[in-house]
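Architecture at a glance
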Amino acid sequence: MLTVVLSGLRARWAAFLGSFVALGLGVGLLTTMGLGLSATFDAPERTPQRFASAPVVVKGRDAVTVDVRRGPHTASVSRKLDRPQPVDTELLRELKARWAVTVAGGPDAVGVHGPASEVRTLVGDRAQVLTGGERRLADPEPERDAEALVALNALLGTAGGVTTFVSVFVVASTFAFAVALRRREFGLLRTAGATPGQVRRMLLAEAAGVGVLASAAGCALGAWGAPWLAQVLVDGDLAPGWFRIGDAVWPFHAAFWTGVTVAVAGALAASRRAGKVGPTAVLREADVDTGALPLGRALLGAGLLLAGAGLLLRTCATEPSELLKRKTYTTVPMLLITGVALLAPLLVRPVARALRLPGTTGMLVRENSAAAVRRTAAVAAPVLVTVALAGSLLGSATTVTSTKAAEARGQTAARWVVDGDELTPVRVPGATVSATGATSVFVRDGAEALVKYGARAVSDPAAFADLARLPVVAGDVRDLDDRSIVVNEEWQRGRVGERVEVWLADGSGPVTLRVVAVLALGTGDNGPYVTRANAPGSVVDRIEASGAEGVNGASGAALSTALGGAGGTVRTVEEWAAATHPATSPQTRLGLLLVLGIALVYTVIALANTLLMATSVRGGELASLRLAGATRTQVLRVVTGEAALAVTIGALLGLAVTAVVLASLGTGLAALSAPVALSVPWGTVGAAAGACAVVATAAAALPAWRLTR
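Residues numbered from 1 in each chain as written. Predicted model: local features only at pLDDT ≥ 70, side-chain atom pairs only at ≥ 80, totals over all residues. Heavy atoms only, no water.

1. With respect to the overall build of the chain
This is how the line gets drawn: Secondary structure elements follow DSSP: runs of H or I no shorter than four residues count as helices, runs of E no shorter than two count as strands, and numbering proceeds from the N terminus. Here the term buried applies to any residue with accessible area under 20% of the maximum for its type, exposed to any over 50%, and partly exposed to those in between, with areas from a 1.4 Å probe on protein chains only. Any pair of residues with heavy atoms lying within 4.5 Å of one another is described as a contacting pair. In short, Shrake-Rupley with a 1.4 Å probe defines the accessible areas, and a residue's cover is counted only from the protein chains shown.
Scanning the chain for helices and strands turns up 20 helices and 16 strands. Evaluated residue by residue, the chain yields a buried proportion of 48% over its 709 residues. Long-range pairs, those at least 24 residues apart, make up 80% of the contacts in the chain between residues at least 6 apart in sequence. When the accessible surface of the chain is summed, it comes to about 31700 Å², and 59% of that surface belongs to carbon and sulfur atoms.

2. Thoughts on the sheet that holds strand β5 (residues 109-113)
Either a parallel or an antiparallel arrangement is found when strands of a sheet pair, and the pairing is made through backbone hydrogen bonds. The cut-off we apply is this: At least two DSSP bridges between two strands are required for those strands to pair. Lines fitted to C-alpha atoms define the axes here, with helix axes fitted over just the stretch in contact, and angles between the N-to-C directions of these axes take values from 0 to 180 degrees.
In spatial order, the strands read β4-β5-β1-β6; together these four strands make up an open sheet with antiparallel pairing. Both edges of this open sheet fall to β4 (100-103) and β6 (128-131), since each of them pairs with a single strand only. On average, adjacent strands in this sheet sit at an angle of 30 degrees to one another, irrespective of strand direction. Relative to β6, strand β1 (residues 56-59) runs antiparallel, the two being bridged by four bridges. Each residue of the ladder has a partner; that of V56, found in β6, is T131. Against the sheet, helix α4 (residues 116-123) touches β1, β5 and β6, its axis set at about 170 degrees to β6.

3. Comments concerning the packing of aromatic side chains
What counts, and what does not: The rule is short: rings of Phe, Tyr and Trp, with Trp giving its six-membered ring, pair when the centres are within 6.5 Å, and they are stacked under 30 degrees, edge-to-face over 60, tilted in between.
Summed over all chains, the structure comprises two aromatic pairs. Measuring from ring centre to ring centre gives 5.0 Å for F256 and W257, while their planes differ by 90 degrees; the resulting arrangement is edge-to-face. Residue W257 is classed as exposed on the basis of its relative accessible area of 52%. Considering the side-chain rings of F464 and Y529, the 5.1 Å spacing of their centres and the 40 degrees angle between planes classify their relative orientation as tilted. Note that F464 is positioned in helix α14 (residues 461-467) and Y529 in strand β14 (residues 529-531), a separation of 65 residues in sequence. The class for Y529 is buried, based on a relative accessible area of 9%.

4. Some remarks on the nonpolar core
In plain terms, the rule: What makes a nonpolar core is a set of buried Ala, Val, Leu, Ile, Met, Phe, Trp, Tyr and Cys residues whose side-chain atoms join them at distances within 4.5 Å.
In this structure, V166, L233, F243, L389 and V657 are the most contacted members of the largest nonpolar core, which totals 96 residues. With 16 residues, the top contributor of residues to this core is helix α13 (residues 373-410). Formed by 15 residues, the second largest nonpolar core is a distinct cluster that contains Y453, I485, V500 and A535.

5. Side note on helix α9 (residues 295-318)
Note the threshold: A helix is expected to span 1.5 Å for every residue after the first.
The end-to-end C-alpha distance of α9 is 34 Å, a good match for the 34 Å that 24 residues give at a rise of 1.5 Å each. Listing the buried residues of α9 in full gives A298, G301, G308, L312, T315 and C316.

6. Re empty space enclosed by the protein
Put simply, the rule is: Here a cavity denotes a set of grid points, spaced 1 Å apart and computed over the protein atoms alone, in which a 1.4 Å probe fits but from which it cannot get out, and a pocket denotes an open set meeting protein on both sides within 12 Å along at least five of seven lines; residues with an atom within 4 Å of a point are reported as lining. Grid points are joined across faces, edges and corners, and a volume is the space filled by probe spheres set on the points. Charged means Asp, Glu, Lys or Arg here, nonpolar means Ala, Val, Leu, Ile, Met, Phe, Trp, Tyr, Cys or Pro, and polar covers whatever is left, Gly included.
Evaluation of the coordinates by the stated rule reveals four cavities of 30 Å³ or more. The computed volume of the largest cavity comes to approximately 70 Å³. As for the largest cavity, its lining consists of S369, R375, T376, V379, L611, T615, R618, V639, E642, A643, A646 and A700. Counting only elements with at least two residues in the lining of the largest cavity, the list comes to α13, α17 (586-616) and α19 (632-671). The element that contributes the greatest number of residues to the lining of the largest cavity is α19, accounting for four residues. Grouping the constituent residues of the lining of the largest cavity by class yields six nonpolar, three polar and three charged. Its boundaries defined by the atoms lining it, the second largest cavity holds a volume of some 60 Å³. Along its surface, the second largest cavity is lined by L312, L323, T328, Y329, V332, P333, S396, V661, S664 and L665. Top element by residues in the lining of the second largest cavity is helix α10 (residues 326-342). It accounts for four residues. Split into classes, the residues belonging to the lining of the second largest cavity amount to seven nonpolar, three polar and no charged.

7. With respect to the pattern of salt bridges
Pairing of side chains with opposite charge becomes possible as their charged atoms draw close. Just so we agree on the cut-off: Salt bridge criterion: a side-chain nitrogen from Lys or Arg within 4 Å of a carboxyl oxygen from Asp or Glu.
Summed over the entire model, instances satisfying the criterion amount to 19 salt bridges. Close ionic contact of R98 with E118 constitutes a salt bridge, the shortest N to O distance being 3.6 Å. With R98 in helix α3 (residues 89-98) and E118 in helix α4, this pair connects stretches of sequence that are 20 residues apart. Relative accessible area serves as the criterion here: at 37%, E118 is assigned to the partly exposed category. The shortest N-O distance in the salt bridge between E367 and R353 comes to 3.3 Å. Here R353 lies in helix α11 (residues 344-354) and E367 lies in helix α12 (residues 359-371), a separation of 14 residues in the sequence. Relative accessible area serves as the criterion here: at 27%, E367 is assigned to the partly exposed category. Look at R353 and you get partly exposed, because its relative accessible area is 37%.

That's the geometry; what it means functionally is another story.
Here it is in structure tokens:
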């Protein structure tokens with residue numbers, strides 16, 4: 001058996017080349033992503049900067065702590081405040097009376113030159129006492145290093161997941177198509193006395209051999225590529241400047257054994273079909289595929305398709321806000337993509353027959369594509385994956401951000417908007433001016449959790465009510481005062497007239513406020529709203545203004561000039577929405593393009609490998625066309641036309657998946673009472689499909705040109 005396997009690998013190296021390259025690249029990418037992930041688990045330990053010379057640091061409260069229920073007992077839960085609170089003046093006076101105290105950079109923390117145990121005894125629970133390496137927590141943005149790695153961790157995890165998904169799909173499809181081309185060989189082996197088990201073991205042994213060699217090459221490729229990836233991430237502002245690849249070993253083990261497992265698993269289903277080939281298959285030679293969709297594949301594809309559609313419907317009906325999260329619109333489409341790809345042999349024939357191509361060549365291309373279902377499906381499936389990923393990922397991300405911009409634009413009747421870090425409120429005669437600032441409120445979610453909400457602090461409730469166009473579902477925002485709050489539908493006890501307990505941005509509370517209005521959830525930025533009396537420490541960062549033209553009104557030019565005195569950037573509402581709510585941030589777009597680039601590379605490999613194999617065994621068919629009077633140019637047109645048609649079918653199926661994903665997202669946005677601004681990235685989708693078409697036609701034309709010499 002081993003001799004037969006080794007002889008088969010040597011004789012059919014070209015057929016295994018595509019699987020080897022795809023698997024090696026996949027293992028290399030997994031190794032690279034794994035090394036990157038291992039470097040994101042721990043931020044570098046930084047030494048204290050602000051109070052490096054003080055042995056003890058007393059820091060004001062930076063979290064709100066509330067007791068919640070945990071089964072029959074209670075437990076304390078803490079949530080971070082927006083900014084640390086100042087050290088209590090009485091405590092500061094006591095500290096200065098006993099030890100030398102260093103104040104650096106603000107009142108939120110002080111350095112104390114005294115014994116740590118005595119300082120702890122004096123401070124008690126009035127503030128935090130930091131010693132040793134913990135003193136760095138008093139530095140500005142002490143968690144910035146760890147927070148900078150969160151998005152990078154998610155990006156690399158997503159890229160690794162897409163790599164695994166696409167590599168499994170490509171390797172499995174390649175092995176399946178290679179088995180379909182070797183039916184006569186398996187029939188000859190059966191005629192020579194080979195059992196079905198021996199045929200299966202031969203194929204699995206071939207896959208294991210390819211898997212081991214490709215995985216070893218991939219690990220070497222990943223070790224070389226990881227530092228390069230780290231530099232790309234730093235240059236693209238996706239990672240902090242200090243980000244470096246470590247010396248972890250587990251990514252190599254994980255990638256290597258994943259590669260071997262993928263190779264064997266990808267060949268498993270194909271080996272079972274090969275074992276069912278009978279001795280009579282050696283006599284069979286037909287260009288019309290039969291039984292191209294086994295029952296198991298059909299059931300699995302239908303199950304995944306129904307699962308993906310059902311998950312989208314359930315999410316739309318129960319938690320439509322989940323559709324706006326990257327985790328949802330990254331993972332759920334993969335179920336639909338895999339389901340449609342598995343059912344491709346069932347779908348390509350009716351789609352091919354539905355496409356009317358002109359002339360005799362067009363008719364021949366259409367009928368050949370419809371007859372050779374396996375070949376057409378093997379070409380269309382990877383194109384489907386790339387187009388669907390490009391359309392659903394980029395389309396969903398752009399749709400969400402475009403909707404946020406449209407929502408922000410539609411929620412104000414102002415003509416001008418001023419934004420900045422610390423604005424000075426201004427009064428303009430004849431104009432309505434509303435100043436607001438960012439703040440936070442904390443509320444118990446039931447009895448088991450404490451939730452932090454980003455809120456807006458309103459300076460003038462009357463002016464705010466005049467300019468706001470909020471999606472109110474109950475109550476009236478004009479009733480907002482210092483004893484009330486405007487909430488959204490996410491609040492469990494968000495009914496007009498009810499009283500809720502909240503903790504304010506400085507951790508003080510609880511404060512009881514009356515709900516005067518409930519807003520639709522929207523994209524997540526709708527409320528809550530409180531007055532400045534319930535927003536300690538908040539500063540004005542946005543001013544909205546509108547004036548009526550006339551004798552007593554403020555003209556547009558005069559209003560814009562007056563608003564310039566606030567100290568920020570003055571824009572029209574349209575300009576402000578476009579500037580503060582871009583379609584997609586450059587970092588997010590770069591990350592998504594990285595994921596799509598991986599899928600496109602795999603698609604190119606799959607197309608080239610499939611069409612080189614498929615066209616190379618069509619010598620008799622192409623010779624028959626020449627004998628029937630077709631010129632060499634006409635034969636090449638037929639072959640390249642079939643490749644282009646298969647790519648077109650894959651692109652159409654990918655667009656169908658994209659349409660389902662974006663339609664569900666639009667339905668979810670409508671359910672959230674948010675404006676629906678669906679966006680299809682036609683440029684990216686077209687570029688991906690065009691690249692696939694170029695590679696496919698070239699991979700089909702080269703062996704056809706050689707066979708027709």
